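For reference, the chains in residue letters:
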Amino acid sequence: AWLQAQVHVAAPNHDTQMLLSKLGADQVALKLLSLPFDANKVVASERPLRAVLCAASRFAKAMCNGFPLVQAELAKHLRSFARLTKSHLVERDISPTECIIAICDGNREACTKGPPEMVQYFAHLAGETHQPRYMRFLSKIMFPSGEACPLLKPNQRLVVSALIDTSPAPVPPNHAAGRPGG
């Protein structure tokens with residue numbers, strides 16, 4: 001882990017990503033991510049398994065980072081990554097949400113693959129937990145390359161609608177609950 005933190009890679013290596021893709025390494029990562037475990041709580045006996053799941057997530061993220069071929073392949077499995085979001089598989093550098101963001105990053109095609117229920121789910125998580133990674137996901141599916149795209153207008157409408165639906169209603173300032181001591 002210390003070595004990983006010390007080594008900085010400036011850009012993804014597309015030759016390595018292509019080789020790993022041709023060898024089916026992305027499918028191995030997906031199989032590892034489908035291993036059964038207790039998603040509701042962290043059990044001491046499952047810590048090694050959770051470490052493997054985090055490593056598989058990290059690997060999947062690295063494989064699709066800036067590589068549309070693998071992004072397209074992993075976009076077919078967005079629901080699988082979304083299923084893992086509340087499983088406490090978060091480390092300092094990886095989470096299932098970060099994998100989804102990497103799949104959608106710069107890839108409009110992948111952004112169109114996410115089902116509407118997933119957008120609503122992430123909007124709910126963003127409102128419930130206030131974790132920035134959920135807002136990064138919502139931002140990424142609206143603006144995958146950092147700019148608006150006509151193809152993604154439905155995503156933009158869906159995100160705005162989901163955020164409005166999940167946010168608590170504002171309390172008017174003259175309402176008893178909106179006044180100090182009220």
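Please read all numbers here as calculations on a predicted model, not as lab measurements.

Student: Just to check I follow, could you spell out the overall build of the chain for this structure?
Tutor: When helices and strands are counted, the chain shows 11 helices and zero strands. Along the chain, helices (α) and strands (β) appear in the sequence α-α-α-α-α-α-α-α-α-α-α when read from the amino end. Looking at the 182 residues of the chain, the share that counts as buried comes to 36%. Within the chain, counting contacts between residues at least 6 apart in sequence, those at least 24 apart form 67% of the total.

Student: What am I meant to see in the environment of Ala75 here?
Tutor: In this fold, Ala75 is placed in helix H5 (residues 68–75). For Ala75, a relative accessible area of 3% corresponds to the buried category. Those residues in contact with Ala75 that sit more than four places away from it in its chain are Ile103, Ala110 and Lys113.

Student: I would appreciate a short explanation of the state of the cysteines in the present structure.
Tutor: Defined simply, a disulfide is a covalent bond joining two cysteines at their sulfur atoms. For the structure on display, the rule yields zero disulfides. The cysteine Cys54 is free of any disulfide, with Cys99 supplying the nearest cysteine sulfur at 9.4 Å. Cys104 provides the cysteine sulfur closest to Cys111, a residue in no disulfide bond, and the two sulfurs are 4.2 Å apart.

Student: How should I be thinking about helix H2 (residues 14–22) in this particular structure?
Tutor: It helps to recall that an α-helix has 3.6 residues per turn; residues three or four apart then point in one direction. The backbone nitrogen of Asp15 lies 3.1 Å from a side-chain oxygen of the residue at the head of H2, namely Asn13. After H2 finishes, the residue Gly24 shows a positive phi value of roughly 80°.

Student: Would you mind going over the packing of aromatic side chains with me for this structure?
Tutor: Aromatic ring pairs are defined here through the distance separating the ring centres and the angle between the ring planes. One pass over the structure, following the stated rule, counts three aromatic pairs. A ring pair is formed by Phe122 and Phe137, whose centres lie 4.2 Å apart and whose planes are at 40°; its orientation type is tilted. Within this pair, whereas Phe122 is found in helix H9 (residues 116–129), its partner Phe137 is found in helix H10 (residues 132–142), the two being separated by 15 residues in sequence. We note that Phe122, like Phe137, is buried.

Student: I'm lost on the packing of H10 against helix H11 (residues 153–166) in this one. Help?
Tutor: To describe two helices that pack against each other, one gives the angle between their axes and the distance between the axes. Two elements in contact, H10 and H11, have axes whose closest approach is 8 Å; the angle formed by their N-to-C orientations is 150°. Between H10 and H11, the crossing angle belongs to the class labelled roughly antiparallel. Considering how the two elements wind past one another, H10 and H11 form a crossing that is left-handed. Across from Met135, Leu138, Ile141 and Met142 in H10, the residues of H11 making contact are Asn155, Gln156, Val159 and Leu163. Within the contact of H10 with H11, the residues separate by chemical class into six nonpolar, two polar and no charged.

Student: I would appreciate a short explanation of the packing of H2 against helix H4 (residues 47–64) in the present structure.
Tutor: Running from amino to carboxyl end, H2 crosses H4 at an angle of 120°, the nearest separation of the two axes being 9 Å. When the axis of H2 is compared with that of H4, the two are oblique. Between H2, through Gln17, Leu20 and Ser21, and H4, the contact on the second element is made entirely by Phe59, Ala62, Met63 and Cys64. Looking at side-chain class alone, the contact of H2 with H4 contains five nonpolar, two polar and no charged residues.

Student: Looking at this structure, how should I read the confidence of the model for the chain?
Tutor: Should the pLDDT be low somewhere, the predicted coordinates at that spot are not to be read in detail. Summarising the model, the chain shows a mean pLDDT of 83, and 86% of its residues fall at 70 or more. The element-level mean pLDDT for the chain is lowest in helix H1 (residues 2–6), coming to 50, with helix H3 (residues 25–33) highest at 94. Low confidence marks residues 177–182, where pLDDT is under 50. Its contacts with residues over four positions away, or in another chain, come to eight contacts.

Student: Looking at this model, I keep getting lost on the nonpolar core. Mind explaining?
Tutor: Grouped together as the largest cluster of nonpolar side chains are 44 residues, with contacts concentrated most on Leu74, Phe81, Ile100, Ile103, Phe122, Phe137 and Leu138. Residues in contact with Ile103, not counting those within four places in the same chain, are Cys64, Gln71, Leu74, Ala75, Leu78, Phe81 and Ala110.

Student: How do you make sense of the side chain of Asn155 when you look at a structure like this?
Tutor: Tracing the sequence through the fold places Asn155 in helix H11. Engagement of the side chain of Asn155 in a polar contact is seen with the backbone oxygen of Ile141, the distance being 3.0 Å. Not counting chain neighbours up to four residues away, the residues in contact with Asn155 comprise Cys111, Thr112, Ile141 and Met142.

The rules behind the values
- Residue numbers run consecutively from 1 along every chain, following the written order of its sequence.
- For this predicted model, a pLDDT threshold of at least 70 governs which residues receive local features, and a threshold of 80 or more governs which side-chain atom pairs are given and counted, while totals over whole chains, interfaces and linings are taken from all residues.
- Think of the side-chain values as coming from all heavy atoms in the structure, minus any hydrogens and water.
- Runs of H or I in DSSP of at least four residues are treated as helices and runs of E of at least two as strands, each being numbered from the N terminus.
- Accessibility here uses a 1.4 Å probe with only protein chains present; expressed as a share of the type maximum, an area under 20% marks a residue as buried, one over 50% as exposed, and anything in between as partly exposed.
- Contacts are assigned to residue pairs that have any heavy atoms within 4.5 Å of one another.
- Throughout, a disulfide means two cysteine sulfur atoms within 2.5 Å of one another.
- As used in this structure description, the phrase polar contact means that two N or O atoms lie within 3.5 Å; if the pair is within protein, one of them must be able to donate a hydrogen and the other to accept it, and residues adjacent in sequence are counted only when both atoms belong to side chains.
- Working definition: a ring pair exists when centres of Phe, Tyr or Trp rings (six-membered ring for Trp) sit within 6.5 Å. Plane angles under 30 degrees give stacked, over 60 give edge-to-face, the rest tilted.
- Orientation is described by axes fitted as lines to C-alpha atoms, over the contacting stretch for helices, and by angles from 0 to 180 degrees between their N-to-C directions.
- Roughly parallel means an angle under 35 degrees; roughly antiparallel, over 145; roughly perpendicular, 65 to 115; everything else is oblique.
- Left-handed describes a crossing in which the near helix is turned anticlockwise from the far one by less than a right angle; the clockwise case is right-handed.
- Residues are sorted three ways: Asp, Glu, Lys and Arg are charged, Ala, Val, Leu, Ile, Met, Phe, Trp, Tyr, Cys and Pro are nonpolar, and all the rest, Gly among them, are polar.
- Confidence of the predictor in every single residue is expressed as pLDDT, which spans 0 to 100.
- We call a set of buried Ala, Val, Leu, Ile, Met, Phe, Trp, Tyr and Cys residues a nonpolar core when their side-chain atoms join them within 4.5 Å.

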